[in-house]
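# Chain and residue survey
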Amino acid sequence: MSENVNHVRYELRRDIAKQRIHFTATFPKRQGSWSLQLPTWRPGRYELGNFAQYILWVEGVNQEGQRVRLNKIDLHAWQVPNGIRRIEWLFHADILNAGSTCIENDLYYVNPVNCFMYDVERQELGAVIVLSDLILEPDAEAGWALAVAMPWEDLNGAPTMQARDLQHLMDSPWMASPKLWHDSYREQDLDVHIWIHDTLPSDLARFVADHVAFTRSQIAHFGTFPTQEYHFFYLFPDRDVRHGVEHEDSTVIALGPANRVQSEEGYLEIIGIASHELYHAWNVKRIRPIEWTPYDFTGPCPSELGYIAEGVTTYMGDLFLYKSGIVDLKGWCALMTSLLERHLNNPGRHNMSVAASSYDTWLDGYKMGVRGRKGSIYVEGAVLAFLCDVRIMELTAGKASLSTAMRLLWERHGQPREGLTADMYWDTLAEVAGDRMDDLRNQHAEGTEDTWTPLVQAMSTQGILLSKRLDDAGTIRVLLHQEN
Ligand SMILES: [Zn+2]
């Protein structure tokens, strides 16, 4: 066994029938007792994940090979006595979505942030992850292949991956399967890989071409891509799921059932999520709220900036479908119609600002919650991003836009991985626009003013007429059409 002092060695073995993973972790020597931590949440979902509910047991193993019971000191933390370096645990893995871990007959899919434990005081340690029972035969018919962004090699028949430190490990999912479709493309200095498990979209050539289109368009706006390699991991099971999660240099996107994946509507849904997730490679993975820089997995980290992390990304993800020619103006108007209807029909936007709603995602941000209580960082955040985009274009006679500001934020705060504050964001928008936009911040980010009049005006500057009516059920319906 390796005695390297710079990394934790994790060996994983599956019990496929019971959908479980057995972990053996060997930590470098240290003095005194220490805290063993399981993450309490995962990036991309700003609420507690309570992953310890899937841990069946945790034990230490001393130098003599005797098993030692570990006492819990918190819901997701255990006290490890002096001298214990080897820890074993059993994790139950039967959930399939874009942020989970799942063991099935033909799938070995892991998000380390669900199930890897670490030493709270030594987060700089690297990780070596050995998939002891995975035999790869990527070229054989029905042979297993491995899809992962972490560097890896097949060592003595066991795929062995490496993470630089805890932040890298927790943001590096993988999937292995005998049913993996793979293709790749190169855009500037970036190698992009597409991996699909299970159902394949009906037109794969179009699927890849659309990925190339939005990748090219987004890189052109930001100038550079954060990494040299990026992976799209698609899970298209024949069951109901719709979910995407961004990572450091990859994304996991889950959609199902099969007939949805193969329909035109489902196809556009997938491409829309993919464009959104790629945009996250800059916005949130690098241009990241200061409260999440670096990620602290020991407890909640509320931030008011979800309207930038998710709102700007939601708006831009859709806008890049239009900029790259994947949808036409009519298609973009359809996306905006759906966004505006969700916005206008949520009375919570008048009760709690999107900044305050962002802080509270840790309470109820990912469920309906009490009607009329809160806004959504995705929906209200995207509407605000649209208002900011149009304001900058108006003030600069079309010479700059929100994309110009996002590029500056990437260069100044994203590349050096310096956490973002609300002031940094609004100052950069003002700098690009040549004027402060504090009214938008006060009224629609940190306030609860109605957006209807600003929205009508903003659409009108784009040559689009915005109107609304009430349908028979009392729901607000939006109409967008081009002015002649
Ligand atoms: Zn997102």
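Counting starts from 1 at the beginning of each chain's written sequence and moves along it residue by residue. For a predicted model such as this one, the threshold for reporting local features is a pLDDT of at least 70, and the threshold for listing and counting side-chain atom pairs is 80 or more; totals across whole chains, interfaces and linings nevertheless cover every residue.

### Comments concerning the sheet that holds strand β17 (residues 180-187)
Spatial ordering of the open sheet is given by β17-β18-β19-β21-β20, a layout of 5 strands whose pairing is mixed. Looking at strand neighbours, the two that pair on one side only are β17 and β20 (241-246), the edges of this open sheet. Direction aside, neighbouring strands of the sheet carry axes that sit 15 degrees apart on average. Bridge count between β20 and strand β21 (residues 250-256): 6 bridges; the pairing is antiparallel. Its bridge partner lying in β21, His 243 is registered against Ala 254. Here helix α3 (residues 204-222) sits on the sheet and contacts β17 and β18 (190-198); the angle it forms with β17, its principal contact strand, is near 35 degrees. In this scheme, strands are said to pair when DSSP sees at least two bridges between them. Numbered from the N terminus, helices here are DSSP runs of H or I no shorter than four residues, and strands are runs of E no shorter than two. Axis definition: a line fitted to C-alpha atoms, over the contacting stretch in the case of helices. Angles run 0 to 180 degrees between N-to-C directions. For the purpose of contact definition, each residue receives a C-beta atom placed from its backbone, and two residues are in contact when these atoms lie within 7 Å.

### A look at the domain arrangement of the protein chain
Its domain assignment divides the protein chain into domain 1 (7-177), domain 2 (180-280) and domain 3 (290-313 + 322-482). In this structure, domain 1 and domain 3 have C-alpha centres spaced 37 Å apart. Between domain 1 and domain 3, the contact holds 12 residues from the first and 11 residues from the second. Residues were grouped as follows: Ala, Val, Leu, Ile, Met, Phe, Trp, Tyr, Cys and Pro as nonpolar; Asp, Glu, Lys and Arg as charged; and all remaining residues, including Gly, as polar. Here the side of domain 1 that touches domain 3 is composed, by residue class, of 7 nonpolar, 3 polar and 2 charged. Domain ranges listed in this record stem from an automatic or a database domain assignment.

### Brief notes about unusual backbone geometry
The omega angle of the peptide bond from Gly 256 to Pro 257 is 5 degrees, so this bond is cis rather than trans. Mapping Pro 257 onto the fold places it in the loop between β21 and α4 (258-261). In this structure, Ala 142 takes a positive phi of about 60 degrees despite not being glycine. Mapped onto the elements, Ala 142 comes out in the loop between β12 (126-131) and β13 (145-148). Not every positive phi belongs to a glycine, and Gln 188 is a case in point at roughly 55 degrees.

### Notes on the sheet that holds strand β16 (residues 174-177)
Pairing is antiparallel in the open sheet, where 4 strands are placed in the order β9-β10-β16-β13. The sheet is open, and its two edges are formed by β9 (102-104) and β13, each paired on a single side. Strand-to-strand twist in this sheet, taken as the mean axis angle between neighbours without regard to direction, amounts to 10 degrees. Summarising the sheet, β13 and β16 pair through 4 bridges and their orientation is antiparallel. By the bridge assignment, Val 148 is partnered in β16 with Trp 174.

### Thoughts on the nonpolar core
By size, the foremost hydrophobic cluster in this structure holds 130 residues, and its most contacted members are Met 175, Trp 195, Ile 253, Leu 384 and Ile 392. It is helix α10 (residues 379-395) that provides the largest number of residues to this core, a total of 11 residues. Those residues in contact with Ile 392, other than ones at most four positions away along the chain, are Ala 400, Ser 401, Leu 402, Ala 405, Leu 429, Val 432 and Ala 433. In this description, a nonpolar core means buried residues of the types Ala, Val, Leu, Ile, Met, Phe, Trp, Tyr and Cys, linked to one another by C-beta atoms lying within 7 Å. Exposure is read from a count of other C-beta atoms within 10 Å of each residue's own; the residue is exposed at 12 or fewer, buried at 20 or more and partly exposed in between. C-beta atoms are placed from the backbone.

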